Amino acid sequence: TFNFEGGATGGRGQWRRGWRRKTSKDRRSRGGSDPVIVSSLPAGLHVRPPTRASDGPYGRLPTGPWTVELGPDAKRVLRVLRRGVKGVAARPYPPCMRRHLQTLHRERHLKHHSRWQLTLFLKGVDMSVDEALAVWRSQFPHGKMADFQREHTYAVRHSFGLEGKMADYPPHTCERLGKNSARGDGEPGCPFVGCAGAGGGSRADALKQELGVLVDPSAADEVAAVAAAGAPRAACRALFDHAHGMSPGTGPLRDLRFPHDWYHASIDLEDEAREAAGAP
């Protein structure tokens, strides 16, 4: 049976919507954005204005697109999708999500399970449904995404509890992604699982090559060795420390239950560095 090592304690261990709402100071320090026109309604769908008698207690439904501000998190992922996962902009994304972003950058399409995981990750970093849709709509003019625009829009709204049975789905935990990898049925999961035991050598070698984009070869060997010892969570934390120029065990990433915990810790380091440099 699969056992995802380690425990997690602390404030970010239990996901909740709005867990990292930006203050105005945070938004200024990380850069603002101009309003753009996006809508959580499927493209091409026009809502018929209700009559006065049918307005109901909630007022009229919107009859067209409305303006929403894309925050720094949405702007970052759009930049990474344009340029790929190399560079400082992509550093806040954990390896499991970097895989999805790189595939989407290269092929302009993701399979169902990958789309679902990435959408829930965007939700986990506290993007709104309109910001998440803006990210996906940037891919609709390309490749297979264009063939299923309405279906993708429905799926994003569904993950936010706005369609179907209106369930507010939480982001996938690291443990769940680890179980996906352990099953070996093709559903994407944690890249650090499966490197231990018989047959894990080839995965460990592939992992070293993958990590070479983030860290130097010696650090990649060290992280892969931790994963091969059967400690995927510890390997992920070690990679975080190396990727952010810290010695293993000295970084701020302690509570690692969700992929967005990596993102949050990395963004905090960026903000601290910017403040220390006196950047506006």
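Residues numbered from 1 in each chain as written. Predicted model: local features only at pLDDT ≥ 70, side-chain atom pairs only at ≥ 80, totals over all residues. Heavy atoms only, no water.

**Re the overall build of the protein chain**
Phase 1: Per the secondary structure count, the protein chain includes 11 helices and two strands.
Phase 2: The N-to-C order of helical and strand elements in the protein chain reads α-β-β-α-α-α-α-α-α-α-α-α-α.
Phase 3: Taking all 280 residues of the protein chain together, the buried fraction comes to 46%.
Phase 4: Carbon and sulfur atoms provide 53% of the accessible area of the protein chain, an area that totals close to 14,100 Å². (Helix = DSSP H or I, 4+ residues; strand = E, 2+ residues; numbered from the N terminus. Buried < 20%, exposed > 50% of the residue type's maximum accessible area, 1.4 Å probe, protein only. Areas by Shrake-Rupley, 256 points an atom, 1.4 Å probe, with all protein chains shown as cover.)

**Thoughts on the packing of aromatic side chains**
To describe a pair of aromatic rings, you give the distance between the ring centres and the angle between the ring planes.
Phase 1: One pass over the structure, following the stated rule, counts five aromatic pairs.
Phase 2: Taking 5.4 Å as the distance between ring centres and 45° as the angle between the ring planes, the aromatic pair formed by tyrosine 93 and tyrosine 263 counts as tilted. Separated by 170 residues along the polypeptide, tyrosine 93 in the loop between α2 (72-83) and α3 (95-107) and tyrosine 263 in helix α11 (residues 259-276) bring together distant segments of the chain. Each of the two residues, tyrosine 93 as well as tyrosine 263, counts as buried.
Phase 3: The residue whose ring lies beneath lysine 123 is phenylalanine 160, and the NZ or CZ to ring-centre distance is 5.4 Å. (Phe/Tyr/Trp six-rings, centres within 6.5 Å; stacked < 30°, edge-to-face > 60°. Lys NZ or Arg CZ within 6 Å of the ring centre and 35° of its normal.)

**Observations concerning the state of the cysteines**
Phase 1: For the structure on display, the rule yields zero disulfides.
Phase 2: A disulfide-free cysteine, cysteine 174 has its sulfur positioned 6.3 Å from the sulfur of cysteine 236, the nearest such atom.
Phase 3: Classification of cysteine 174 by relative accessible area gives buried; the value is 11%.
Phase 4: Cysteine 190 takes part in no disulfide bond, and the closest cysteine sulfur to it belongs to cysteine 236, at a distance of 6.5 Å. (Disulfide = S-S within 2.5 Å.)

**Here we look at the pattern of salt bridges**
Phase 1: Scanning all chains against the criterion turns up eight salt bridges.
Phase 2: Across the pair arginine 106 and glutamate 107 runs a salt bridge whose closest N-O atoms are separated by 3.6 Å. (Salt bridge = Lys/Arg side-chain N within 4 Å of Asp/Glu carboxyl O.)

**What to know about the environment of leucine 118**
Phase 1: Along the chain, leucine 118 turns up in helix α4 (residues 112-124).
Phase 2: You can call leucine 118 buried: its relative accessible area is 3%.
Phase 3: Taking the C-alpha atoms as reference, leucine 118 lies 9.9 Å from arginine 99; in sequence the two are 19 residues apart.
Phase 4: Each residue touching leucine 118, except ones within four places of it in the same chain, is listed here: Met97, His100, Leu101, Leu104, Leu110 and Trp136. (Contact = heavy atoms within 4.5 Å.)

**A closer look at helix α5 (residues 129-137)**
Phase 1: Here α5 lies mainly inside the structure; nine of its nine residues are buried.
Phase 2: All of the buried residues in α5 are Val129, Asp130, Glu131, Ala132, Leu133, Ala134, Val135, Trp136 and Arg137.

**Quick look at the layout of surface pockets**
Phase 1: Each pocket or cavity is described by its volume, and for the largest pocket that value is around 460 Å³.
Phase 2: Broken down by element, the lining of the largest pocket gets its largest block of residues, seven residues, from α3.
Phase 3: Residue composition of the lining of the largest pocket, by class: seven nonpolar, seven polar and seven charged. (1 Å grid on protein atoms, 1.4 Å probe; cavity = no way out; pocket = protein on both sides within 12 Å on 5 of 7 lines; lining within 4 Å. Points joined across faces, edges and corners; volume = space filled by probe spheres on them. Nonpolar A, V, L, I, M, F, W, Y, C, P; charged D, E, K, R; others polar.)

**Some details on the nonpolar core**
Phase 1: Counting 57 residues, the largest nonpolar core has Trp136 and Phe192 as the members making the most contacts within it.
Phase 2: Excluding residues within four positions of it along the chain, phenylalanine 192 makes contact with Pro95, Leu207, Leu211, Val223, Ala227, Pro232, Ala235, Cys236 and Leu239. (Core = buried A, V, L, I, M, F, W, Y, C linked by side-chain atoms within 4.5 Å.)

**Considering the side chain of glutamate 270**
Phase 1: Position of glutamate 270 relative to the elements: it lies in helix α11.
Phase 2: Accessibility expressed as a relative area gives 14% for glutamate 270, which makes it buried.
Phase 3: Non-local contacts of glutamate 270, meaning those with residues more than four positions away in its chain, are made with Arg76, Val88 and Pro92.

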